[in-house]
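Structural description and commentary
Here is what each chain is made of, one letter per residue.
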Amino acid sequence: MSSPTPEVPRMPTADRLRSDLDWASQIRCILTDVDGVLTDGRIQYAADAGRVCHELKSFHVRDGLGIKLWMMGGFHFGIITARQSKLVAHRAKELGIQHLVQAAGNKWMAAQTMMKAMGVSAEQVAYIGDDLPDLCVMRKVGLAIAPDDAATDAREAAHWTTSSLGGQGVVREVIERLMRGGQTWHQRVAELEADPVTPQSSSEGD
């Protein structure tokens, strides 16, 4: 006799109908995966003249500027990835991201440690993920988000699905939506126009 098919968790309709203003008043922190969110999910390798293999990653510049504007507004930002990459560490340092966990075997445990350091609760966290290892976080935080090309399970677990594909400005789209919803986006833009050097010290937004 076959086992019954487990029921797929569904997002409450009330959560899907909440206004952006309501979400923005709740969220104080964004945590994100890397591959499939900050990148398009492809893992590329190239060999140098000495036949030493190097990993390549591409990050979207608009994500970078969005992250800086988010943190300028006094909000928290963190990265949790199951892989280990010097490129991710470099990108985080370039953007001034202090909270980074790589080689995370259990992303929820990593998220809990990060939230404690930030002084935020799970309900105040938005998490962006694209695949099965992200579900353990997505199902416990206040706002779960998936890119448009995320795995089916991630999209089903998400309150929001972005119009952007992974690596094509997903994080920027989320940040703009939250900050516009909370009516803080235009203030950050005005500050950027008044002092364009400060948030672009790493040439973000060229």
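In case you missed it, the structure is sitting above this.
These figures come from a predicted structure and were not determined experimentally.

Calculation rules
Residues numbered from 1 in each chain as written. Predicted model: local features only at pLDDT ≥ 70, side-chain atom pairs only at ≥ 80, totals over all residues. Heavy atoms only, no water. Buried < 20%, exposed > 50% of the residue type's maximum accessible area, 1.4 Å probe, protein only. Helix = DSSP H or I, 4+ residues; strand = E, 2+ residues; numbered from the N terminus. Pairing = 2+ DSSP bridges. Right-handed = clockwise from strand over helix to strand, strands pointing away. Expected span 1.5 Å × (residues − 1). Arc of directions from axis to C-beta. Salt bridge = Lys/Arg side-chain N within 4 Å of Asp/Glu carboxyl O. Axes fitted to C-alpha atoms, helices over the stretch in contact; angles between N-to-C directions. Parallel < 35°, antiparallel > 145°, perpendicular 65-115°, else oblique. Contact = heavy atoms within 4.5 Å. Nonpolar A, V, L, I, M, F, W, Y, C, P; charged D, E, K, R; others polar. Core = buried A, V, L, I, M, F, W, Y, C linked by side-chain atoms within 4.5 Å. Polar contact = N/O pair within 3.5 Å; in protein donor to acceptor, adjacent residues only side chain to side chain.

1. Description of the pairing of strand β4 (residues 76–80)
- With 4 of 5 residues buried, β4 is to be regarded as a mostly interior element.
- As defined by bridge partners, strand β1 (residues 29–32) adjoins β4 across 4 bridges and the pair is classed as parallel. From the neighbouring strand, I30 faces β4, where its bridge partner is F77.
- Taken together, the 3 bridges between β4 and strand β5 (residues 99–101) define a ladder with parallel strand orientation. Counted as the bridge partner of I80 is V101 from β5.
- Of the crossover connections in this fold, the one passing from β4 over helix α4 (residues 86–95) to the parallel β5 is right-handed.

2. A look at helix α5 (residues 107–118)
- Its 12 residues place the ends of α5 16 Å apart at the C-alpha level, agreeing with the 16 Å of an ideal helix rising 1.5 Å per residue.
- Turning to α5, its buried residues number three or more, namely K107, W108, A110, A111, M114, M115 and M118. Looking straight down α5, one finds its buried side chains confined to an arc of 155°; they lie on one side. Seen from the buried face of α5, the exposed residues on the opposite side, beyond 90 degrees, are M109, T113, K116 and A117.

3. Focus: the pattern of salt bridges
- Under the criterion given, the structure shown has 13 salt bridges.
- A salt bridge links K57 to D35; the nearest nitrogen and oxygen atoms lie 2.6 Å apart. Within this pair, whereas K57 is found in the loop between β3 (53–56) and α3 (61–72), its partner D35 is found in the loop between β1 and β2 (44–47), the two being separated by 22 residues in sequence. Residues K57 and D35 agree in their burial class; the two are buried.

4. Quick word on the packing of α3 against helix α9 (residues 185–194)
- Running from amino to carboxyl end, α3 crosses α9 at an angle of 105°, the nearest separation of the two axes being 10 Å. The orientation of α3 relative to α9 falls into the category roughly perpendicular. Every residue of α9 that contacts α3 at L65, L69 and M72 is listed here: W185, R188, E191 and L192.
- Here the residues of the contact of α3 with α9 are counted per class, giving 5 nonpolar, no polar and 2 charged.

5. So, the nonpolar core
- Counting residues in each nonpolar core, the largest one holds 30 residues, and the members touching the most others are I30, W70 and L178.
- Elements with a minimum of two residues in this core: α3, β4, α4, β6 (125–128), β7 (143–146), α8 (170–181) and α9.

6. Re the environment of K57
- Relative accessible area serves as the criterion here: at 15%, K57 is assigned to the buried category.
- With 15 residues separating them in the primary sequence, K57 and R42 have C-alpha atoms 8.1 Å apart.
- Among residues more than four places away in sequence, those in contact with K57 are D35, T39, R83, S85, L87 and V88.
- Of the polar contacts made by the side chain of K57, one reaches the side chain of D35; its length is 2.6 Å.
- A polar contact of 3.0 Å, which involves the side chain of K57, links it to the side chain of E55.

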